[in-house]
Amino acid sequence: MENGGRRRWGFQGNEGLDMAASVTIRGVVTKVMSNLNPEDHRPVIPLGHGDPSGFSCFRTTPVAEDAVGDALRSRKFNSYAPTVGILPARRAIADYLSHDLPYELSPDDIFLTVGCSQAIEVIMKVLAHPGANVLLPRPGYAFYEAHAAANHLEFRHFDLISEKGWEVDLEGIKARADENTVAMVIINPGNPCGNVFTHEHLQKVAETARMLGILVIADEVYGHLVFGSNPFVPMGVFGSITPVITLGSLSKRWIVPGWRLGWLVTNDPNGILHKSGVVESIVSSLNISSHPATFIQGAIPQITEKTTDDFFSNIISILRETSDICFERIEDIACITCPHKPEGSMFAMVKLNLSLLEDIEDDMNFCMKLSKEESVIVLPGFAVGMRNWIRITFAIDPPSLEDGLGRIKAFYKRHSKKQ
């Protein structure tokens, strides 16, 4: 008996939610960081997550900073925003995205969200109905699995083929889809692989989706961050073949992940998403959700219209330099192999050769010991669906990247099997 005679409390935590969130990149990185040695006074080298905003070489453009300041000082954006976002911001994003499309988007195609994360949450919620399933890439971004599970939406994995530059296994998609499949997700430029899909391959993806009667969810949060031979081609180019939901944000191209301004976009010239009720459900979901700060929305037109090509070119130049450093230094560390040189985003997927290591059990064990012994943080591959791989971000300043990869080499030498 407790508290005046009551035998037990009538509430408890949601175990299903705990299970869904059990493997997230943020949670795994936090776990790896918890093993840092407090007596190691060298700077921690953060190669585990894609947030370069703390490095001066990746500072956002003053245009964006001034736009936010102007929006605040105008006092026009202190109120609640409409559910889908304020019209000037939606119009500006429609114009910005339309530059790369064969048709014009309208503000009605744009739905503003609290970063790309909320856009993922919304579309997973919208598509969840009894018996439905969604196809997710492996390796991929675990936020999709988490929100599918939280909404009781079955997810099935298709492979990205490392030997083919991480192309989508289209035959695998056909094999895993059935009459209850509602959508497939692609991430381009790729997280965690650093790949960039060609126009030809994306067209095949669209044709496969049309054949299966499913929509394509195109995560383009790293859109335009490309520095290899393949240009960035938005999936919306193929919206007349199959309906496309594009997810994106300011976070990566402008290096402002903390501003939490994202978008969900319907690329659907044939109006299929309206007829099926998907657009109505997107609005319904946003009606019971939080919204991005109104003053950030108010800054969007100035940000998208006035940011210069010089800023974007400089960011690409740094990423090209650091991706080269990353790929070349990895080649000099025998226990890790990068099967495909990164061409975009901020990451490389690297395969561990455990047979060369003396006392390393798996990818998590590798990362935990590396954290403790070298103060270098990398992401174990199981967090993105690939056990005994690791994901390395090269979106940090070049001297820190050189230092971090040098420490990984020293770690390998210390743990290599003795001949």
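In the block above lies the structure referred to throughout.
This structure is a prediction, so every number in the text was calculated from the model and none was measured.

A. Structural view of the overall build of the protein chain. Along the protein chain, the regular secondary structure elements total 14 helices and 14 strands. Computed over its C-alpha atoms, the radius of gyration of the protein chain comes to 22 Å, within 12% of the 22 Å expected for a compact globule of 419 residues. Seen through its C-alpha atoms, the protein chain measures out along the principal axes to roughly 70 × 65 × 50 Å. Within the protein chain, the fraction of its 419 residues that count as buried is 56%. Considering only contacts within the protein chain whose residues lie at least 6 apart along the sequence, 74% involve residues at least 24 apart. Total accessible area on the protein chain is roughly 18600 Å²; 50% of this is exposed by carbon and sulfur atoms.

B. Molecular detail of the packing of aromatic side chains. Per the stated rule, a full pass over the model turns up eleven aromatic pairs. Ring pairing ties together the aromatic residues Tyr96, Trp254, Trp263, Phe311 and Phe312, which thus form one cluster. Above the plane of the ring of phenylalanine 312 lies arginine 253, whose end atom (NZ or CZ) is 3.6 Å from the centre. Above the face of the phenylalanine 347 ring, arginine 391 is positioned so that its terminal group lies 3.8 Å from the ring centre.

C. Seen up close, unusual backbone geometry. Looking along the chain, the bond that leaves arginine 138 and enters proline 139 is cis, with omega of 0°. Checked against the element boundaries, proline 139 lands in the loop between β3 (133-138) and α6 (143-150). The omega angle of the peptide bond from asparagine 188 to proline 189 is -10°, so this bond is cis rather than trans. Not every positive phi belongs to a glycine, and histidine 224 is a case in point at roughly 75°. Even without glycine at this site, serine 375 takes up a positive phi of about 55°. Note that serine 375 resides in the loop between α13 (363-374) and β12 (376-377).

D. Main features of the pairing of strand β2 (residues 110-113). Of the two faces of β2, both are covered, the one formed by Ile110 and Leu112 as well as the one formed by Phe111 and Thr113. Bridging between β2 and strand β9 (residues 262-267) involves four bridges; their strand directions are antiparallel. Across the sheet, the residue bridging to isoleucine 110 is valine 265, located in β9.

E. Geometry of the layout of surface pockets. By volume, the largest pocket amounts to about 810 Å³. What lines the largest pocket is a set of 32 residues, among which Arg26, Ser117, Tyr141, Phe143 and Lys252 lie closest to the centre. Sorting the residues of the lining of the largest pocket by element identifies α1 (15-20), α2 (25-33), α5 (115-127) and α6 as the ones contributing at least two each. Among the residues forming the lining of the largest pocket, the class breakdown is 17 nonpolar, nine polar and six charged.

F. Highlighting the side chain of threonine 322. The residue threonine 322 is located in helix α12 (residues 309-330) in this model. Non-local contacts of threonine 322, meaning those with residues more than four positions away in its chain, are made with Phe394, Ile396, Pro398 and Leu401.

G. Looking closely at the packing of helix α3 (residues 62-74) against helix α11 (residues 294-306). Packing of α3 against α11 leaves a shortest axis separation of 8 Å and a crossing angle of 140°. The pairing of α3 with α11 is recorded here as oblique in orientation. The two elements α3 and α11 meet at a crossing, and its hand is right-handed. From α3, Val63, Ala64, Asp66, Ala67, Val68, Asp70, Ala71 and Leu72 reach across to α11, where they touch Phe295, Ile296, Gly298, Ala299, Gln302, Ile303 and Lys306.

H. Highlighting α11. The principal kink in α11, of about 35°, is found at isoleucine 300, preceding the proline proline 301 by one to four residues. Here α11 has its buried residues at Thr294, Ile296, Gln297, Gly298, Ala299, Ile300, Pro301, Ile303 and Thr304. Turning to α11, the residues buried within the fold contact α3, α4 (87-98) and β2.

I. Representation of the sheet that holds strand β10 (residues 336-337). The four strands lie next to each other as β10-β11-β14-β13, forming an open sheet whose pairing is antiparallel. Unpaired on one side and paired on the other, β10 and β13 (379-380) mark the two borders of the sheet. Taken together, the two bridges between β10 and strand β11 (residues 347-352) define a ladder with antiparallel strand orientation. Bridging from a neighbouring strand, isoleucine 336 pairs with leucine 352 of β11.

J. The arrangement of the pattern of salt bridges in detail. Tallied over the entire structure, the rule returns 17 salt bridges. We note a salt bridge from lysine 204 to glutamate 200, for which the minimum N-O separation is 3.8 Å. On the criterion of helical spacing, the pair formed by lysine 204 and glutamate 200 is a turn pair, its members being four residues apart in helix α8 (residues 199-212). For lysine 204, a relative accessible area of 39% translates into the label partly exposed. You can call glutamate 200 exposed: its relative accessible area is 54%.

Each value, and the rule that gives it
- Residues numbered from 1 in each chain as written.
- Predicted model: local features only at pLDDT ≥ 70, side-chain atom pairs only at ≥ 80, totals over all residues.
- Heavy atoms only, no water.
- Helix = DSSP H or I, 4+ residues; strand = E, 2+ residues; numbered from the N terminus.
- Rg over C-alpha atoms; globule rule 2.2 N^0.38 Å.
- Buried < 20%, exposed > 50% of the residue type's maximum accessible area, 1.4 Å probe, protein only.
- Contact = heavy atoms within 4.5 Å.
- Areas by Shrake-Rupley, 256 points an atom, 1.4 Å probe, with all protein chains shown as cover.
- Phe/Tyr/Trp six-rings, centres within 6.5 Å; stacked < 30°, edge-to-face > 60°.
- Lys NZ or Arg CZ within 6 Å of the ring centre and 35° of its normal.
- Pairing = 2+ DSSP bridges.
- 1 Å grid on protein atoms, 1.4 Å probe; cavity = no way out; pocket = protein on both sides within 12 Å on 5 of 7 lines; lining within 4 Å.
- Points joined across faces, edges and corners; volume = space filled by probe spheres on them.
- Nonpolar A, V, L, I, M, F, W, Y, C, P; charged D, E, K, R; others polar.
- Axes fitted to C-alpha atoms, helices over the stretch in contact; angles between N-to-C directions.
- Parallel < 35°, antiparallel > 145°, perpendicular 65-115°, else oblique.
- Left-handed = near helix turned anticlockwise from the far one by under 90°.
- Bend = angle between axes of the 7 residues up to and from the residue.
- Salt bridge = Lys/Arg side-chain N within 4 Å of Asp/Glu carboxyl O.

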